[in-house]
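This is what each chain is made of:
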Amino acid sequence: MARTDAGGYRERLLAGAVSCLQEKGYAHTTARDLVAASGTNLASIGYHFGGKDALLNEAIAAIFDQWTERVERALFGAELGSPREMLQRAMAELVDVFDELRPVLILCVEGYPAALRAPVLRERLAEAYARTRVAGADMLRRASGELGVELPMAPEVLVSVVVAISDGLMLQWLLDPEATPDARQVVDAIATLGALIA
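**Regarding the overall build of the protein chain**
Per the secondary structure count, the protein chain includes 10 helices and zero strands. For the protein chain, the α and β elements follow one another from N to C terminus as α-α-α-α-α-α-α-α-α-α. Counting only C-alpha atoms and orienting by the principal axes, one finds that the protein chain spans roughly 60 × 35 × 30 Å. Buried positions account for 38% of the 198 residues belonging to the protein chain.

Here it is, written out as structure tokens:
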């Protein structure tokens, strides 16, 4: 089995699982689909992940992590700008990418009901959200430090609210893309709400 590690079987299985999940969904992806998509073998699924469900769960978690990394690159890959500009860049990577990431959105939505019946998947998704909160809070601390701005509350709470906005808009976009606000409109709405209740 050492050769399979050198050959990148684990990474190939994860990539194949992401592809299958986007094409077939969680419930309709079989172990044979995973083998065909990854160019590996059935035994490698058990060896590296313990089974098909564990591989699919890991792939869903990896998608969450990749999306978080994408937001971080957008925030810190250029001049920081003002807090509002940074929020708009973050929201652009969370909202304005819906069309590009449509298969991922469907997968995320399909994962929620499956997680309600599968404790292991529920745990993996909860862990993915927890990693997103930690990574987002770290981004906020870094940005506030570089900008010399004091955060008015726990950054984890701020990140949770931004994620909730993104998740809610994701659902709206899947049902009615034309009626879903873009990143600029979202930031304008947040600013307006802040001004109304300040």
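**So, the packing of helix H5 (residues 52–76) against helix H8 (residues 119–147)**
Two numbers describe how H5 lies on H8: the axes approach to 9 Å, and their chain directions differ by 10 degrees. Between H5 and H8, the interaxial angle falls into the category roughly parallel. Within the contact between the two elements, H5 uses Asn57, Glu58, Ile60, Ala61, Phe64, Asp65, Thr68, Val71, Glu72, Leu75 and Phe76 and H8 uses Val120, Leu121, Arg124, Leu125, Ala128, Tyr129, Arg131, Thr132, Ala135, Met139, Arg142 and Ala143. Considered class by class, the residues forming the contact of H5 with H8 number 14 nonpolar, three polar and six charged.

**Some points on the pattern of salt bridges**
By the definition in use, this model includes 12 salt bridges. Between Asp138 and Arg141 there is a salt bridge, and its shortest N-O distance comes to 3.4 Å. Of the two residues, Asp138 and Arg141 both sit in helix H8, three residues apart, roughly one turn of that helix. Arg141 sits in the partly exposed class, given a relative accessible area of 41%. One network of salt bridges, with partners in common, ties together Glu58, Arg124 and Glu127.

**So, helix H10 (residues 183–197)**
Compared with an ideal rise of 1.5 Å per residue, which puts 15 residues at 21 Å, H10 spans 21 Å between its outermost C-alpha atoms and is within 8% of the ideal. Every buried residue of H10 is listed here: Ala183, Val186 and Val187. Angular distribution of buried residues about the axis of H10 spans 95 degrees; they occupy a single face of the element. Projecting away from the buried face of H10 at angles above 90 degrees are the exposed residues Ala195 and Leu196. In the core, the buried residues of H10 are packed alongside helix H6 (83–94) and helix H9 (155–175). The residue sitting at the N-terminus of H10 and contributing the capping side-chain oxygen is Asp182; that oxygen lies 3.2 Å from the backbone nitrogen of Arg184.

**A word on the side chain of Ser166**
Within the secondary structure, Ser166 is located in helix H9. Using a relative accessible area of 4% as the deciding quantity, one classes Ser166 as buried. Non-local contacts of Ser166, meaning those with residues more than four positions away in its chain, are made with Leu94 and Phe98.

Here is what the cut-offs are and how they apply
Residues numbered from 1 in each chain as written. Predicted model: local features only at pLDDT ≥ 70, side-chain atom pairs only at ≥ 80, totals over all residues. Heavy atoms only, no water. Helix = DSSP H or I, 4+ residues; strand = E, 2+ residues; numbered from the N terminus. Buried < 20%, exposed > 50% of the residue type's maximum accessible area, 1.4 Å probe, protein only. Axes fitted to C-alpha atoms, helices over the stretch in contact; angles between N-to-C directions. Parallel < 35°, antiparallel > 145°, perpendicular 65-115°, else oblique. Contact = heavy atoms within 4.5 Å. Nonpolar A, V, L, I, M, F, W, Y, C, P; charged D, E, K, R; others polar. Salt bridge = Lys/Arg side-chain N within 4 Å of Asp/Glu carboxyl O. Expected span 1.5 Å × (residues − 1). Arc of directions from axis to C-beta. Polar contact = N/O pair within 3.5 Å; in protein donor to acceptor, adjacent residues only side chain to side chain.

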